[in-house]
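If you want the building blocks of each chain, they are given just below.
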Amino acid sequence: MSNINKLYKLHNSNHPYIIYKSNNGFKLYYNFSKKFILKNSKDVKNFLNFKTNKKKTKSTDLFIGFFGYELLNNLIDIKLPKQKSLNFYKGIFYKPESVLSIKKFSYLNSHKKSIKNFEINIDKKNYTKIFDKFKKRIRAGDTYQIKICTKYKSKSKVDPLDFFLKLSEFNLAPEAFMIKDKDFSIVSCSPENLIDKKGDQISTKPIAGTVKKINKMNKSKALKYFQKNIKENKEHNMIVDMERNDLSKICVPLSVKVAKEKIIEEYRDLFHYVSLIRGKVRKSVKNLDIIKAMMPGGSVIGCPKINTLKLLNNQEKENRNIYTGSFGYIKFNGDMRFNIIIRSILNFKNMSEVAVASGVVIDSNASQEFNENYIKAKALIDLY
């Protein structure tokens, strides 16, 4: 039986499984022997308190799953006010006993019923009101950049594998993943790597800057657009500085360097402005220290991180759930890889939810930022 056929059999069995984009295709994790449901900071600390083994490890010697946005706030002593919520899991990690490699998916149109009736939770008028409030806080020096989250929601039940296969065919991203469990699914085309740790080497790859593909737009023209755009450059510089600072909390002094600065990455509907930052982790640093220093990812929050998180949480009326949390794995030898959960769709209690955000700086325009959010959401909604 081919690995693809094994995947379909697994999907139809209703057993949980995870698909994660790898360098050479995809990894399929299944046959979970343990499932850690994380409800609070104490659960996270207990979960991360396992002893690492530096010796050679098997491909299944890892925990794979996600930290939700609220849990990551609580971990750095930020409490969220009461918000409208789906009461979704704050975090879950699985211990797989089986893993398969799949080089490529081929999507065959299943003619499943499309869902188009997505409704936005903040219309343009209310978005502009929130935008204006944050511009005042920026002028007052309370924050320099802040990300306003909007959600597109639809009452629906999704076939996550069908959706993921569409995604892999039309809009695959380097941090794409899918989780299917008995009572929920997550499908993501996240482009952004937050943590990539191998041995004592660690890197982060912030994305700050988005432009929609238009006629005759290519990577060279996109680069010139960003270079000439004062607002996009300010935003990018602030995020790179913040991520360098976050890495410096856990790295050997003077080891943190910008390895690649302001390069262009291309996706189906847009171009991104990207940098790569590297450092060397101090010997005394533990897994928990890394998670607390790097999460939530600054590029989807704003700058400075702590103060901006507090401003966001007091303004947002709905829980972000998985959005701007992190998905990835921690190996038994201490290596880890985590993304930032963006460009994702959560299906829970027959409700599909796509959350997106764009950055507000002193030079931002409300209409442009609102439209940027729509562009990001559209890449997912169009696949329905």
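Provided above is the structure to which this section pertains.
The paragraphs below set out a description of the structure included in this document. (Residues numbered from 1 in each chain as written. Predicted model: local features only at pLDDT ≥ 70, side-chain atom pairs only at ≥ 80, totals over all residues. Heavy atoms only, no water.)

Taken as a whole and judged by the stated rule, the model has three cavities of 30 Å³ or more. In terms of lining, the largest cavity is formed by 20 residues, of which the most central are Lys-147, Val-300, Arg-343, Ala-357 and Lys-376. Ranked by the residues each element gives to the lining of the largest cavity, the list is headed by strand 11 (residues 207-212), at four residues. Tallied by class, residues from the lining of the largest cavity come to eight nonpolar, four polar and eight charged. For the second largest cavity, the calculated volume is near 80 Å³. What lines the second largest cavity is simply Asn-171, Ala-173, Cys-189, Tyr-267, Arg-268, Asp-269, Leu-270, Arg-343, Lys-376 and Ala-379. (1 Å grid on protein atoms, 1.4 Å probe; cavity = no way out; pocket = protein on both sides within 12 Å on 5 of 7 lines; lining within 4 Å. Points joined across faces, edges and corners; volume = space filled by probe spheres on them. Helix = DSSP H or I, 4+ residues; strand = E, 2+ residues; numbered from the N terminus. Nonpolar A, V, L, I, M, F, W, Y, C, P; charged D, E, K, R; others polar.)

This paragraph deals with a positive patch on the surface. Together, Lys-125, Lys-129, Lys-133, Lys-136, Arg-139 and Lys-317 line one region of the surface with positive charge. Along the polypeptide, Lys-133 turns up in helix 4 (residues 124-139). By relative accessible area, which is 48% here, Lys-133 ends up partly exposed. (Patch = residues over 30% accessible without salt bridge, like charges linked within 9 Å, V, L, I, M, F, W, Y side chains within 5 Å. Areas by Shrake-Rupley, 256 points an atom, 1.4 Å probe, with all protein chains shown as cover. Salt bridge = Lys/Arg side-chain N within 4 Å of Asp/Glu carboxyl O. Lys, Arg positive; Asp, Glu negative; His and termini not counted. Charge placed at Lys NZ, Arg CZ, Asp CG, Glu CD. Buried < 20%, exposed > 50% of the residue type's maximum accessible area, 1.4 Å probe, protein only.)

Here we come to unusual backbone geometry. Of note, the amide linkage connecting Met-295 to Pro-296 takes the cis form, showing an omega dihedral of -10°. The residue after Cys-303, namely Pro-304, is reached through a cis peptide bond having omega -5°. Within the secondary structure layout, Pro-304 lies in the loop between strand 14 (302-303) and helix 9 (305-315). For Thr-324, which is not glycine, the phi dihedral falls at a positive 65°. Relative to the helices and strands, Thr-324 is located in the loop between helix 9 and strand 15 (326-331). For Thr-324, a relative accessible area of 0% puts it in the buried group.

A few words on the pairing of strand 16 (residues 336-339). Across the two faces of strand 16 the burial is the same, with Met-336 and Phe-338 and Arg-337 and Asn-339 all buried. In this sheet, strand 16 lies alongside strand 9 (residues 193-198) in antiparallel orientation, the contact comprising four bridges. Across the sheet, residue Ile-195 finds its bridge partner in strand 16, namely Phe-338. (Pairing = 2+ DSSP bridges.)

This part takes up the pattern of salt bridges. Inspection of every chain in the model, using the stated rule, returns 22 salt bridges. Two residues, Arg-320 and Glu-316, come together in a salt bridge whose shortest N-O distance is 2.7 Å. What makes Arg-320 buried here is its relative accessible area of 1%. What makes Glu-316 buried here is its relative accessible area of 11%. Here the salt bridges share partners, and the residues they tie into one network are Lys-147, Lys-231, Glu-235 and Glu-369.

Here we take up the nonpolar core. Of all hydrophobic cores here, the largest spans 56 residues; its most connected members are Phe-67, Ile-195, Ile-250, Ile-291 and Phe-338. If you tally residues by element for this core, the top one is helix 4, at five residues. Residues within four places of Phe-67 in sequence aside, it is in contact with Leu-38, Val-44, Leu-72, Lys-90, Gly-91, Phe-93, Ile-291, Met-295, Gly-325, Ser-326 and Phe-338. The next biggest cluster of nonpolar side chains, apart from the first, holds 32 residues, and it includes Leu-100, Leu-167, Ala-176 and Cys-189. (Core = buried A, V, L, I, M, F, W, Y, C linked by side-chain atoms within 4.5 Å. Contact = heavy atoms within 4.5 Å.)

Any link to function would need more than the numbers given here.
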